[in-house]
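# Descriptive structure summary
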There are 2 protein chains.
Amino acid sequence: MNSDQFEQSQIQPLLDYFQQLIPLDSKEKQLVLELFKPRLYRRRQFVLQEGDVCNQFNFIVRGCLRMYKIDEKGNTHILQFASENWWLTNIGSFHDRTPSELEIDAIEDTVVLQINHENLLSLYINAPKFDRIFRVLIEKSFVSTQKRLLQTISSTAEERYNSFLASYSHLNNRLPQTQIASFLGISPEFLSRLRNKQAKKA
Amino acid sequence: MNSDQFEQSQIQPLLDYFQQLIPLDSKEKQLVLELFKPRLYRRRQFVLQEGDVCNQFNFIVRGCLRMYKIDEKGNTHILQFASENWWLTNIGSFHDRTPSELEIDAIEDTVVLQINHENLLSLYINAPKFDRIFRVLIEKSFVSTQKRLLQTISSTAEERYNSFLASYSHLNNRLPQTQIASFLGISPEFLSRLRNKQAKKA
DNA sequence: AACTGAATCAAGAAATAGTATTGATCTAGA
DNA sequence: TCTAGATCAATACTATTTCTTGATTCAGTT
């Protein structure tokens, strides 16, 4: 498979995604084809390192990324997972062109379609419909972050785990327990016990 | 260990290295301290990815890096290993500011001291002695590449393996056999048989 | 004071991924 | 037609990652 075929075969999920929000005309499709580039990240590979300016907006075709912060004690706190058909970027760093405090890396081998800052601006200029599309998609992410914050400040670990299950059931068996624990803000051991408890109940 | 202490403790091998070639005065040492930055790469982490411009000149403090090319069939061919007290950079890409066809990644967790393109130029301007130092060190690498090329076009796999042993005996037990095979340009299975054969002889 | 929801630490166990070996078969070039 | 090597498949071995469990601790409830 040469790299052109690779691009062809990977771009479709993104076109479908846009199409579902607002139909695109052929000029717009063409722009997407030109400006989004596929890229493979291997497990554990960094997509964004602390201190670098985030220059990419990523659409996940397959695999799974995580965005997280490492605190002074060296503990990692996962802000967000992103798997198939989700977006991930450090939008603060991307927008303001400031060094990122967050890191992004791949939990599994992951194929993304990415557009860099410059090309995204050019996309907005050449096809203003994408202003709306990106507004909508950012709203979606924003809302889901709000929900999660609310969960976090109002629930016990078990409740948070259950709502993780409700929203991300497809990731529950796919991700190592340590990652889920770090997303929920509990210790891996405690998550192990929660799971055990629930298994016995059922 | 805070990051200052980390820098302090890691820079010495590089100062020793330079010192051995040509003694440095304190201003020059100071420049080295300011312009070279320590960095840790974890096993499998990329130092340079295909398509990016190589912007760093790396001195290996500990660990091991490899520079390689992935061909159209997906096979990887290792051009060079670099372990303690060696240098590694894609000098073509670094010098011409062109996208790299080669990749560099870490075979082991590796600490390097790196200087970027801009800072290296500034080092040459502020301390012309480094023109000579870097000329010497690049000559060394050049000569060893020539030797290897000559080996490659003139010897059997077994001879090449033996001369790998002669030059890199410290890496023989440290690197996975697959990596050595890819360096020698043979299949891992065949290397296994070569080793077996030599073990029986002895 | 006792209970609950958690954390931390240590030790093993289980699962997975990475690496090496071996035999069988195939191939290109001297 | 030899020889130096590749390729494929199966198995074995090793190392790393992940999970589980018990013991202990701790800070806020009740």
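Residues numbered from 1 in each chain as written. Chains lettered and ligands numbered in written order. Predicted model: local features only at pLDDT ≥ 70, side-chain atom pairs only at ≥ 80, totals over all residues. Heavy atoms only, no water.

### Examining the protein's contact with DNA strand C
The environment of DNA strand C is formed by 16 residues, the closest being Ile186(A), Ser187(A), Gln177(B), Arg193(B) and Asn196(B). A distance of 2.8 Å separates a phosphate oxygen of DNA strand C from a polar backbone atom of Gln177(B). Taken together, the elements giving at least two residues each to the surface near DNA strand C come down to helix 8 (188-201) of chain A together with helix 7 (177-184) and helix 8 (188-201) of chain B. Here the surface near DNA strand C is built from residues that sort into 4 nonpolar, 7 polar and 5 charged. (Near = heavy atom within 4 Å. Polar contact = N/O pair within 3.5 Å; in protein donor to acceptor, adjacent residues only side chain to side chain. Helix = DSSP H or I, 4+ residues; strand = E, 2+ residues; numbered from the N terminus. Nonpolar A, V, L, I, M, F, W, Y, C, P; charged D, E, K, R; others polar.)

### A look at the pairing of strand 7 (residues 103-106) of chain B
All names here are of chain B. Alternating positions in strand 7 separate into two faces, Glu103 and Asp105 on one and Ile104 and Ala106 on the other, with burial throughout. Strand direction decides the pairing type here: strand 2 (residues 46-48) and strand 7, joined by 2 bridges, are antiparallel. Paired with Leu48 across the bridge in strand 7 is Ile104. Of the strand pairs in this sheet, strand 4 (residues 65-70) and strand 7 are connected by 4 bridges, and their pairing is antiparallel. Across the sheet, Met67 pairs through a bridge with Ile104, a residue of strand 7. (Buried < 20%, exposed > 50% of the residue type's maximum accessible area, 1.4 Å probe, protein only. Pairing = 2+ DSSP bridges.)

### Structural notes on the relation of the copies chain A and chain B
In the superposition of chain A on chain B (RMSD 0.0 Å, axial shift 0.3 Å), the rotation amounts to 176 degrees. The superposition of one copy onto the other is thereby described by a two-fold rotation axis. If distances are taken from each C-alpha of chain A to the rotation axis, the shortest is found for Gln45(A), at 3.2 Å. Mapped onto chain B, 100% of the interface residues of chain A are again interface residues, and the two copies thus contact each other with one and the same surface. (Least-squares fit on C-alpha atoms with pLDDT ≥ 70 in both. Contact = heavy atoms within 4.5 Å.)

### Some points on the packing of aromatic side chains
This structure, assessed with the given rule, holds 38 aromatic pairs over all chains. Seen in terms of ring centroids, Phe57(A) and Phe134(A) are 5.3 Å apart; in terms of plane orientation they differ by 80 degrees. Their pairing is edge-to-face. Taken together, the residues Phe57(A) in strand 3 (residues 56-62) and Phe134(A) in helix 5 (residues 129-154) connect sequence positions 77 residues apart. Here the two residues Phe57(A) and Phe134(A) agree in accessibility, since each one is buried. Consider the rings of Phe18(B) and Trp87(B), whose centres lie 6.1 Å apart with planes at 35 degrees: the pair is tilted. With a gap of 69 residues between them, Phe18(B) in helix 1 (residues 3-21) and Trp87(B) in strand 6 (residues 87-88) connect regions that are remote in the sequence. This pair shows no difference in class: Phe18(B) is buried, exactly as Trp87(B) is. A connected cluster of aromatic rings, assembled from ring pairs, spans Tyr17(A), Phe18(A), Phe36(A), Phe57(A), Phe59(A), Trp87(A), Phe94(A), Tyr124(A), Phe130(A) and Phe134(A). Across from the ring centre of Phe183(B), 3.6 Å away, lies the NZ or CZ of Arg148(B), which sits over that ring. (Phe/Tyr/Trp six-rings, centres within 6.5 Å; stacked < 30°, edge-to-face > 60°. Lys NZ or Arg CZ within 6 Å of the ring centre and 35° of its normal.)

### Here we look at the protein's contact with DNA strand D
Taken together, 18 residues sit near DNA strand D, with Gln177(A), Arg193(A), Asn196(A), Ala157(B) and Ser187(B) positioned nearest. At the protein interface, 59% of the atoms of DNA strand D within 4 Å belong to sugar or phosphate. Between a phosphate oxygen of DNA strand D and a side-chain N or O atom of Asn196(A), the distance comes to 2.5 Å. Arg193(B) places a side-chain nitrogen or oxygen 3.3 Å from a base oxygen of DNA strand D. Of all the secondary-structure elements, those providing two or more residues to the surface near DNA strand D are helix 7 (177-184) and helix 8 of chain A together with helix 6 (157-172) and helix 8 of chain B. Considering each element in turn, the surface near DNA strand D owes the most residues, 4 residues, to helix 8 of chain A. A per-class count over the surface near DNA strand D returns 4 nonpolar, 7 polar and 7 charged.

### Quick word on the pattern of salt bridges
Side chains bearing opposite charge may pair, as long as their charged atoms lie close to each other. Residues and elements named next belong to chain B. Counted according to the given criterion, the structure contains 15 salt bridges over all chains. Here Glu139 ties to Arg135 by a salt bridge, and the two come within 3.1 Å at their closest N and O atoms. Of this pair, Glu139 and Arg135 both sit in helix 5 (residues 129-154), 4 residues apart, roughly one helical turn. When its relative accessible area of 42% is taken as the criterion, Arg135 is described as partly exposed. (Salt bridge = Lys/Arg side-chain N within 4 Å of Asp/Glu carboxyl O.)

### A closer look at the domain arrangement of chain A
Residues and elements named next belong to chain A. Each assigned domain of chain A is listed here: domain 1 (3-146) and domain 2 (155-202). Contact with domain 1, which involves 13 residues of that partner, is made by 10 residues of domain 2. For the pair domain 1 and domain 2, the two sides together bury roughly 940 Å², of which 53% comes from carbon and sulfur. Among the residues of domain 1 in contact with domain 2, Ile78, Phe81 and Glu108 are the three that bury the most area, contributing 51% of the side total. At the boundary of domain 1 with domain 2, the tally comes to 2 salt bridges. Close ionic contact of Arg174 with Glu84 constitutes a salt bridge, the shortest N to O distance being 3.1 Å. Taken together, domain 1 and domain 2 are joined by 7 residue pairs in polar contact (both at pLDDT 80 or more). (Domains from an automatic or database assignment. Buried area = accessible area lost by both parts, 1.4 Å probe.)

### Observations regarding the UniProt feature "domain: Cyclic nucleotide-binding" (unreviewed entry) in chain A
Under the feature "domain: Cyclic nucleotide-binding" (unreviewed entry), the UniProt entry names residues 20-123 of chain A. The distance from the first to the last C-alpha atom of residues 20-123 of chain A is 19 Å, and the span holds 24% helix and 39% strand. (UniProt positions renumbered as here; feature names shortened; annotations may be inferred.)

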